[in-house]
Amino acid sequence: MHSQQVTAEPPSDDRAGRDSTVGGVPEVLRSPVSGADRAPLVSDVIIAGCGPTGAMLAAELRLHDVRVLVLEKETEPASFVRIVGLHIRSLELMAMRGLLERVVRYGRRRPAGGLFAAIPKPVPKGLDSAYAYLLGIPQPVIERLLEEHAIERGAQVRRGCAVVGFKQDEEGVTVELADGEQLRSRYLVGCDGGRSTVRKLLGVGFPGEPSRTETLMGEMEVGVPQEEIAAKMTEIGQIHQPFWLRPFGGGIYSVVVPAAGVGDRGKPPTLEDFRQRLRAVAGTDFGVHSPRWLSRFGDATRLAERYRVGRVLLAGDAAHIHPPIGGQGLNLGVQDAFNLGWKLAAQIRGWAPETLLDTYQAERHPVAGDVLDNTRAQTELLSAGPGPQAVRRLLTELMDFDEVNRYLIEKITAIGVRYDFGEGPDLLGRRLRDIDVEQGHLYGLLHRGRGLLLDRTGRLTAGAWSDRVDYLADPTAELDVPCVLLRPDGHVAWIGDDQQDLDGHLSRWFGEPAD
Ligand SMILES: Cc1cc2nc3c(=O)[nH]c(=O)nc-3n(C[C@H](O)[C@H](O)[C@H](O)COP(=O)(O)OP(=O)(O)OC[C@H]3O[C@@H](n4cnc5c(N)ncnc54)[C@H](O)[C@@H]3O)c2cc1C
């Protein structure tokens, strides 16, 4: 019987519980299932699912010496090759943890323009980032890199372990696997994808819209010259959306065409399905052959009502699903993990201010809501009716204004995100770009996942929090404010030049100072 018991919010300070745990790297223990006996604690955090979100979260937690066990139901990593785009904010996160060079080696840089509803526009001027490009990278590769990164940092990953149940109480969560094994941790995070078992067992609602239309998407070679494809695309214009054949290089094309009922929804599409739909839409199948991968996706759009119930949290596709237009899903999940990691670690290490863990939902739920909305808007802009097409033409004109184009690209690439930290200058709550500092680059100082006080005045100190917050006095830093306090996720938590005010904000984000 798989049951879950929802408890009151746990106390924020876990020091007492932590002291009672077994030290060192845990052996994963088998334990009896029966009665009120609790399985021995094997980890501080169990993560269900080793997709990009789960792997990123595991690595972030390990930065703070939190013991992490990742349970993945598949015995082997996914081999389904789908090129995803890492957007600017995700590239920034990789740079903040020293991962970017490794990731870039496996991807292709592409311009960060024309991403909104596939409306072809140039990269807007003045994108405020040192990493203002899109990195096309196969999803299995980014998953492998993130999993390796988590393991190198000390996370334990167990494959072939499907989470099928859990119970939570005031001290922890007992997780049940498909073979009946029970494992216990302080927290459980469901990073187990759109059909999340953890979310369902938690009883958290997943309201939104079911899938209305299906689209075929794949990568394959074509049997006709590029000019012929371009001429056909011009002839067809915007009549059939979503529809495109875009060269990826090396003779490979990205092909997207409305499924319109072709094939069996429960089964992967075939090359013949693509040919049939291309002939119906374009009058020719362009001689497509040698597919790299073929997939079908719907436009279901849903957002979990809550991201946390007691000691169980949700992140990534487990918390939100939406159509892949604009390529934001993986990015959103990785960014959830980045937001959650240091907060959950603080909770477990025992220094988290009382409400810190709940800021995860307060900050990330609206961001996901905004992404869902922009994909709803893009879906409309890609539909074939005369109304949506008229709106598309109007927006296409408006995007000639660079500010409009930039606003939409900042939305898709997540560099426009601003968390609500209260009244203050526009920079407050935003991420800080990778500015030049005396020691080189700002992001190079964030590899350890700690806070950072960047002080141009040289008068301030974070001394009492030095076990959690680094300090850099740099009068030359490329900042137009005297001092900023950065959280471990690179968001600006405070701006000013007054020590007393700063101390209040250090307590707000980093808890009470060490004795
Ligand atoms: C056609 C298509 C194109 C896309 N293109 C892009 C793009 O360009 N850019 C982008 O950002 N996103 C894109 N996405 C979305 C992206 O693939 C997902 O958002 C992303 O994979 C979500 O990551 P995740 O780790 O949250 O979940 P998942 O990738 O779904 O990983 C969940 C993991 O949990 C495991 N699991 C499930 N249940 C259990 C269980 N009970 N116990 C243990 N393990 C379990 C699964 O095996 C899986 O490994 C695209 C999606 C589609 C369909």
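Preceding this paragraph is the structure being described.
Residues numbered from 1 in each chain as written. Predicted model: local features only at pLDDT ≥ 70, side-chain atom pairs only at ≥ 80, totals over all residues. Heavy atoms only, no water.

(A) Molecular detail of the site of the ligand. Near the ligand there are 30 residues, and of these Thr 53, Glu 72, Arg 82, Gln 139 and Leu 330 occur at the shortest range. Val 163 is positioned such that a nitrogen or oxygen atom in its backbone is 3.0 Å from a nitrogen atom of the ligand. A distance of 2.7 Å is found between an oxygen atom of the ligand and a backbone nitrogen or oxygen belonging to Leu 330. Of all the elements in the fold, those that place two or more residues in the shell around the ligand are helix H2 (52-62), strand E2 (68-72), strand E3 (83-86), strand E14 (289-298) and helix H9 (329-349). The element contributing the most residues to the shell around the ligand is H9, with three residues. Among the residues forming the shell around the ligand, the class breakdown is 11 nonpolar, 13 polar and six charged. (Near = heavy atom within 4 Å. Polar contact = N/O pair within 3.5 Å; in protein donor to acceptor, adjacent residues only side chain to side chain. Helix = DSSP H or I, 4+ residues; strand = E, 2+ residues; numbered from the N terminus. Nonpolar A, V, L, I, M, F, W, Y, C, P; charged D, E, K, R; others polar.)

(B) Quick peek at the layout of surface pockets. Volume-wise, the second largest pocket comes out at about 710 Å³. Along the walls of the second largest pocket sit 33 residues, with Glu 410, Ile 415, Gly 416, Val 417 and Arg 430 positioned nearest its centre. Top element by residues in the lining of the second largest pocket is helix H12 (residues 402-412). It accounts for five residues. (1 Å grid on protein atoms, 1.4 Å probe; cavity = no way out; pocket = protein on both sides within 12 Å on 5 of 7 lines; lining within 4 Å. Points joined across faces, edges and corners; volume = space filled by probe spheres on them.)

(C) Layout of the sheet that holds strand E15 (residues 301-303). Spatially, the three strands line up as an open sheet ordered E10-E15-E18, and their pairing is antiparallel. One side of each edge strand has no neighbouring strand; the edge strands of this open sheet are strand E10 (208-209) and strand E18 (320-321). Of the pairings in the sheet, the one linking E10 to E15 comprises two bridges and is antiparallel in character. Along E15, the bridge assignment pairs Gly 208 with Arg 302. Packing against the sheet, helix H10 (residues 359-381) makes contact with E10, E15 and E18, and its axis sits at approximately 170 degrees to E15. (Pairing = 2+ DSSP bridges. Contact = heavy atoms within 4.5 Å. Axes fitted to C-alpha atoms, helices over the stretch in contact; angles between N-to-C directions.)

(D) Looking closely at the side chain of Arg 308. Take Arg 308: it is sitting in strand E16 (residues 308-309). Polar side-chain contacts of Arg 308 include one of 2.8 Å to the backbone oxygen of Gly 310. Here Asp 358 takes part through its side chain, which lies 2.9 Å from a polar atom of the side chain of Arg 308.

(E) Region of interest: empty space enclosed by the protein. Throughout the structure, instances matching the rule amount to two cavities of 30 Å³ or more. Taken as a whole, the largest cavity spans an internal volume of roughly 110 Å³. Forming the boundary of the largest cavity are Arg 89, Leu 93, Gln 335, Phe 338, Asn 339, Arg 364, Ala 414, Val 417, Tyr 419, Asp 489 and His 491. Among the secondary structure elements, those contributing two or more residues to the lining of the largest cavity are helix H3 (88-96) and H9. Partitioned by chemical class, the residues of the lining of the largest cavity number five nonpolar, three polar and three charged. When its volume is computed, the second largest cavity comes out at roughly 40 Å³. Lining the second largest cavity, in full, are Cys 50, Pro 77, Ala 78, Pro 140, Glu 143, Arg 144, Glu 147 and Arg 159. Element by element, the count of residues in the lining of the second largest cavity is highest for helix H5 (residues 139-152), at four residues. Taken together, the residues of the lining of the second largest cavity sort by class into four nonpolar, no polar and four charged.

The quantities given are spatial measurements derived from coordinates; they are silent on function.
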